[in-house]
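Spelled out, the chains give:
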Amino acid sequence: MSSVRVTLPDGSTREYDHEVTPLDVAKSIGTGLARAAVGATVDGKVVDLNTPLAGDTAVSILTDRSPEALEILRHSTAHLMAQAIKRLYPEACFGVGPVIDNGFYYDVDIDSRLTPEDLPRIEKEMRRIIKQNVAVERRELPRDEALAAFRAAGDPYKVELIEAIPAGETISTYGQGEFVDLCRGPHVPTTGKIRHFKLQSIAGAYWRGSEKNKQLQRIYGTAFFTKEELEAHLHMLEEAKRRDHRRLGRELDLYHLQEEAPGMVFWHPNGTRIWEAVEGYVREVIGHHGYQEIRTPMIVDRSLWERSGHWDKFREMMFTTESEAREFAVKPMNCPCHIQVFNQAVRSYRELPLRLAEFGSCHRNEPSGTLHGLMRARNFVQDDAHIFCTEQQIGEEVVAFIRLVFEVYETFGFGAPLIKLADRPEQRVGSDEVWDRAEAALRHALAEVGADYELNPGEGAFYGPKLEFSLKDSLERVWQCGTIQVDFSMPGRLDATYVGEDNAHHTPVMLHRAILGSIERFIAVLIEHYGGAMPPWLAPVQAIVLPISERHRGYAEQVGRRLGDAGIRVEVDRHDEKVGAKIRNAQLRKIPYMAVVGDREAEETKVALRLRDKGDQGSMDIDSLSDRICAAVRSRTTEL
RNA sequence: GCCGACGUAGCUCAGCCGGUAGAGCAGCUGAUUUGUAAUCAGCAGGUCGCAGGUUCAAACCCUGUCGUCGGCUCCA
């Protein structure tokens with residue numbers, strides 16, 4: 001046996017003259033480390049703790065603090081769950097069981113239909129296996145042997161998975177007790193390492209995601225290293241449920257949906273006020289950035305959609321209507337109409353870049369199963385704009401847009417967006433050189449503003465590559481909202497031209513861009529981000545005057561008028577209730593400013609201010625309150 | 001669109017083995033005149049999503065359909 005030389009992350013080296021594993025290395029460093037060890041990386045590759053080491057290697061022990069370790073833990077928990085299920089349902093076959101964001105799932109095929117009540121039983125069996133502290137062992141084996149084993153076990157899905165593994169790749173299984181699963185690994189060394197987990201839900205999922213295949217039962221779960229983390233995560237899920245915009249939309253009387261118009265929103269007065277604040281702000285800020293607003297028809301003859309290419313690709317998603325033997329389509333997007341506006345004049349290169357914006361109402365006949373409150377609707381308004389420019393201008397326009405997105409998201413109370421560059425998809429129009437240039441322009445723009453980004457390969461639109469901007473909400477959830485897409489194709493298809501310096505006609509490049517995306521969806525994100533407690537500038541009702549008793553009604557009305565005259569969205573509570581009840585109602589409606597008025601205030605023409613999140617603030621002049629609210633609204637701060 | 005669950009008053013929900021619908025909150029009326037998260041009482045409110053079917057009898061069983069929810073798939 002040749003000696004093993006191990007280099008640790010701190011640069012130190014250790015030599016062994018016998019066979020060692022990362023676990024041995026960890027033990028030789030300290031028993032604490034060995035106890036905390038979950039896996040290891042060897043030359044950058046994540047492996048099991050009991051992987052034999054050979055030669056000269058860089059080893060790093062993964063403890064419960066490293067993100068890779070959490071993945072290992074969750075993956076092992078998925079196996080543990082499978083083992084428990086197999087014990088309870090011996091006929092069980094398994095599909096795939098990967099780690100996902102925040103947890104894992106495993107697809108199972110069993111005869112009986114699982115219900116949420118079955119999950120505690122499975123959890124109980126899992127705990128039993130944890131207590132037994134079963135060793136988890138990796139085994140590498142030749143393809144035919146693996147096939148034979150899983151065929152013998154009567155596991156059709158695993159056989160199919162093995163067949164899909166490219167030749168030359170190592171095939172490995174992990175065994176724990178009587179349970180053996182096909183798996184790349186790595187895993188925790190023993191089931192005892194798993195402690196804090198929870199099985200969460202069951203859902204149907206097709207084998208390999210195709211509805212032609214059998215539907216399996218997918219069980220979702222999650223696992224953490226500490227009880228606190230698990231509880232925090234479960235609490236976060238509760239919080240997400242509490243903040244669900246569909247629930248808050250009803251509770252705060254913002255909007256409703258009904259059967260007769262599936263996926264299309266009826267905005268109530270409160271929701272409309274939020275809408276107006278959002279739209280008004282974007283209108284203001286894009287005005288400063290050189291956009292001009294236009295309005296275009298909602299229903300357009302089919303021929304335009306044929307020329308734009310949408311009819312061919314997205315016909316099933318378009319609503320159509322007909323009149324006088326002509327077929328029309330309700331617009332699913334605004335771009336063809338914007339090109340019509342562009343085309344209404346002979347354009348000079350001096351006019352470029354021409355930025356045409358529209359809060360355009362679009363309809364897309366989304367499959368019924370995908371509808372989800374405001375998040376996924378069939379009718380939505382985009383904060384859309386199309387920038388007509390030369391190819392040379394793409395770079396600076398994209399740079400300006402990225403800065404604009406940062407500015408807008410910050411105003412709405414979000415941090416810096418995550419950016420993805422989506423490049424050419426398989427189905428596309430346009431030559432490869434054109435795509436090369438477009439993708440390069442986006443990369444250069446990102447470099448110029450110094451923004452970090454990820455590549456999203458093959459996810460571009462059919463007409464061009466795009467940048468996608470996602471924001472992170474207060475529960476750390478990521479929402480894709482903004483986008484800018486280069487389009488070398490549609491202006492040409494729809495005959496857009498401009499006269500260049502050379503007096504010749506040229507086809508402009510078009511940039512499709514949206515900051516918020518769908519306003520419906522963006523408002524949903526805002527509602528969930530703020531849990532319905534909107535900052536003053538977005539709050540449907542910014543202030544409410546609460547008279548202590550009926551005899552203070554007159555003064556309350558007076559205060560309400562003063563605030564209303566200052567442009568504040570204010571209400572007076574006229575219910576015959578005690579203040580406590582009025583305050584409770586105002587709190588539940590998440591109104592930021594409450595002005596309590598009784599004898600003392602009426603005498604001194606003052607108000608007692610109560611803040612939504614800070615309680616009683618004592619008395620102040622009506623004008624100071626008015627100024628304070630106006631200042632908060634004007635500055636669009638989240639502070640009250 | 002696919003699979004599953006669900007659909008009862010404005011909202012949240014009860015309603016057993018099929019016997020003809022109930023609560024709390026909200027609303028209205030009255031009493032009360034209130035000082036920082038729920039004053040009391042009364043009243044009113046439902047073709048039990050919709051359409052068929054089975055049955056002496058259907059909120060309940062069956063079929064279809066629409067919608068919602070959870071996933072899957074999709075998202076120009």
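Residues numbered from 1 in each chain as written. Chains lettered and ligands numbered in written order. Predicted model: local features only at pLDDT ≥ 70, side-chain atom pairs only at ≥ 80, totals over all residues. Heavy atoms only, no water.

On average, residues of chain A score 90 in pLDDT, and 100% of them reach the 70 mark or higher. Scored as a complex, the prediction yields pTM 0.90 and ipTM 0.93. (pLDDT = per-residue confidence, 0-100.)

If you walk across this open sheet you meet the three strands as S17-S19-S18, and the pairing is antiparallel. One side of each edge strand has no neighbouring strand; the edge strands of this open sheet are strand S17 (299–301) and strand S18 (320–323). Ignoring which end each strand starts from, the neighbouring axes of this sheet average 40° apart. As paired elements, S17 and strand S19 (residues 326–330) share three bridges and run antiparallel to each other. Within S19, the position partnered with Ile 299 by the bridge is Val 330. (Pairing = 2+ DSSP bridges. Helix = DSSP H or I, 4+ residues; strand = E, 2+ residues; numbered from the N terminus. Axes fitted to C-alpha atoms, helices over the stretch in contact; angles between N-to-C directions.)

Looking now at the packing of aromatic side chains. For the coordinates displayed, the defined rule picks out 13 aromatic pairs. Ring geometry for Phe 342 versus Phe 388: centroids 4.4 Å apart, planes at 25°, classification stacked. Note that Phe 342 is positioned in helix H12 (residues 335–342) and Phe 388 in strand S22 (residues 379–389), a separation of 46 residues in sequence. Relative accessible area serves as the criterion here: at 0%, Phe 342 is assigned to the buried category. In this structure Phe 388 comes out as buried when scored by relative accessible area, which is 0%. Taking the centre distance of 5.2 Å and the plane angle of 40° together, the rings of Phe 412 and Trp 537 count as tilted. Here Phe 412 is found in the loop between helix H13 (394–411) and strand S23 (418–422), whereas its partner Trp 537 is found in the loop between helix H16 (519–530) and strand S30 (543–547), with 125 residues between them in sequence. (Phe/Tyr/Trp six-rings, centres within 6.5 Å; stacked < 30°, edge-to-face > 60°. Buried < 20%, exposed > 50% of the residue type's maximum accessible area, 1.4 Å probe, protein only.)

For the rest of this paragraph, the subject is H13. The end-to-end C-alpha distance of H13, which contains 18 residues, comes to 26 Å, matching closely the 26 Å that a straight helix rising 1.5 Å per residue would cover. Among the residues of H13, Ile 394, Glu 397, Val 398, Val 399, Phe 401, Ile 402, Leu 404, Val 405, Val 408, Tyr 409 and Thr 411 are the ones counted as buried. Gly 413 occupies a position one or two residues after H13 and carries a positive phi of about 95°. (Expected span 1.5 Å × (residues − 1).)

Turning our eyes to something else, we now look at the pattern of salt bridges. Counted by the stated rule, this structure contains 41 salt bridges. Two residues, Glu 160 and Arg 208, come together in a salt bridge whose shortest N-O distance is 3.7 Å. On the criterion of sequence distance, the pair formed by Glu 160 in helix H6 (residues 156–164) and Arg 208 in the loop between strand S12 (196–206) and strand S13 (215–224) is long-range, its members being 48 residues apart. On the basis of relative accessible area, Arg 208 is assigned to the partly exposed category, the value being 46%. Between Glu 239 and Arg 243 there is a salt bridge whose closest N-O contact spans 2.8 Å. The residues Glu 239 and Arg 243 share a single accessibility class, namely buried. (Salt bridge = Lys/Arg side-chain N within 4 Å of Asp/Glu carboxyl O.)

The subject of this paragraph is the packing of helix H5 (residues 143–152) against H6. With their axes 8 Å apart at the nearest point, H5 and H6 run at an angle of 165° to one another. One way to sum up the angle between H5 and H6 is to call them roughly antiparallel. Crossing hand, H5 versus H6: left-handed. Where H5 abuts H6, its residues Arg 143, Ala 146, Leu 147, Phe 150 and Arg 151 lie against Lys 158, Val 159, Ile 162 and Glu 163. Classifying every residue of the contact of H5 with H6 gives five nonpolar, no polar and four charged. (Parallel < 35°, antiparallel > 145°, perpendicular 65-115°, else oblique. Left-handed = near helix turned anticlockwise from the far one by under 90°. Contact = heavy atoms within 4.5 Å. Nonpolar A, V, L, I, M, F, W, Y, C, P; charged D, E, K, R; others polar.)

A separate point is the sheet that holds S30. Here five strands make up an open sheet; going across it, the order is S31-S30-S32-S33-S34 and the pairing mixed. The sheet is open, and its two edges are formed by strand S31 (570–572) and strand S34 (615–621), each paired on a single side. On average, each strand axis in the sheet is inclined to that of its neighbour by 25°, with strand direction left out of account. Both S30 and S31 contribute to a ladder of three bridges, which runs parallel. The partner of Ile 544 across the bridge, within S31, is Glu 571. In this fold helix H17 (residues 553–565) packs onto S30, S31, strand S32 (593–597) and strand S33 (606–611), with an angle of close to 165° to the strand it touches most, S30. Strands S30, S32, S33 and S34 of the sheet are contacted by helix H20 (residues 622–635), whose axis makes an angle of about 120° with S34.

When cut into domains, chain A gives domain 1 (4–62), domain 2 (69–236), domain 3 (255–296 + 332–530) and domain 4 (543–635). Centre-to-centre separation of domain 1 and domain 4, based on C-alpha positions: 66 Å. (Domains from an automatic or database assignment.)

Before going further, it helps to examine the side chain of Asn 456. Inspection of the secondary structure puts Asn 456 in strand S24 (residues 454–456). Take Asn 456: its relative accessible area is 18%, and that puts it in the buried class. Polar contacts involving the side chain of Asn 456 include one to the side chain of Glu 468, which spans 3.3 Å. With residues near it in sequence (within four places) discarded, Asn 456 still touches Lys 420, Leu 421, Ala 422, Asp 423 and Glu 468. (Polar contact = N/O pair within 3.5 Å; in protein donor to acceptor, adjacent residues only side chain to side chain.)

Within the largest apolar cluster, 64 residues are counted, with the highest numbers of intra-cluster contacts made by Phe 412 and Leu 467. Sorting elements by how many residues they give to this core places H13 first, with nine residues. Leave out the neighbours within four places in its chain, and Phe 412 touches Val 278, Tyr 281, Leu 516, Phe 522, Leu 526, Tyr 530, Trp 537 and Leu 538. Within the second largest apolar cluster, 33 residues are counted, among which are Leu 80, Ile 129, Val 188 and Leu 199. (Core = buried A, V, L, I, M, F, W, Y, C linked by side-chain atoms within 4.5 Å.)

What follows deals with H5. Because each turn of an α-helix spans 3.6 residues, side chains separated by three or four positions end up pointing in the same direction. The complete set of buried residues in H5 reads Ala 146, Leu 147 and Phe 150. Around the axis of H5, the buried residues are gathered within 100° of arc, so they sit on the same side. H5 presents Asp 144 and Ala 152 as exposed residues on the side facing more than 90 degrees away from its buried surface. Here the buried face of H5 lies against H6, strand S10 (172–176) and strand S11 (179–182). One or two steps after H5, the chain reaches Gly 154, where phi turns positive at roughly 70°. (Arc of directions from axis to C-beta.)

Moving on: a negative patch on the surface. Among the surface-exposed residues, Asp 64, Glu 228, Glu 229 and Glu 231 lie close enough to one another that they form a single negatively charged patch. With respect to the helices and strands, Glu 229 occurs in helix H7 (residues 227–242). (Patch = residues over 30% accessible without salt bridge, like charges linked within 9 Å, V, L, I, M, F, W, Y side chains within 5 Å. Areas by Shrake-Rupley, 256 points an atom, 1.4 Å probe, with all protein chains shown as cover. Lys, Arg positive; Asp, Glu negative; His and termini not counted. Charge placed at Lys NZ, Arg CZ, Asp CG, Glu CD.)

The subject of this paragraph is the environment of Ala 400. Topologically, Ala 400 is positioned in helix H13. Overall, the relative accessible area of 33% leaves Ala 400 in the partly exposed class. Distance in space between the C-alpha atoms of Ala 400 and Arg 569 is 34 Å, their sequence separation being 169 residues.

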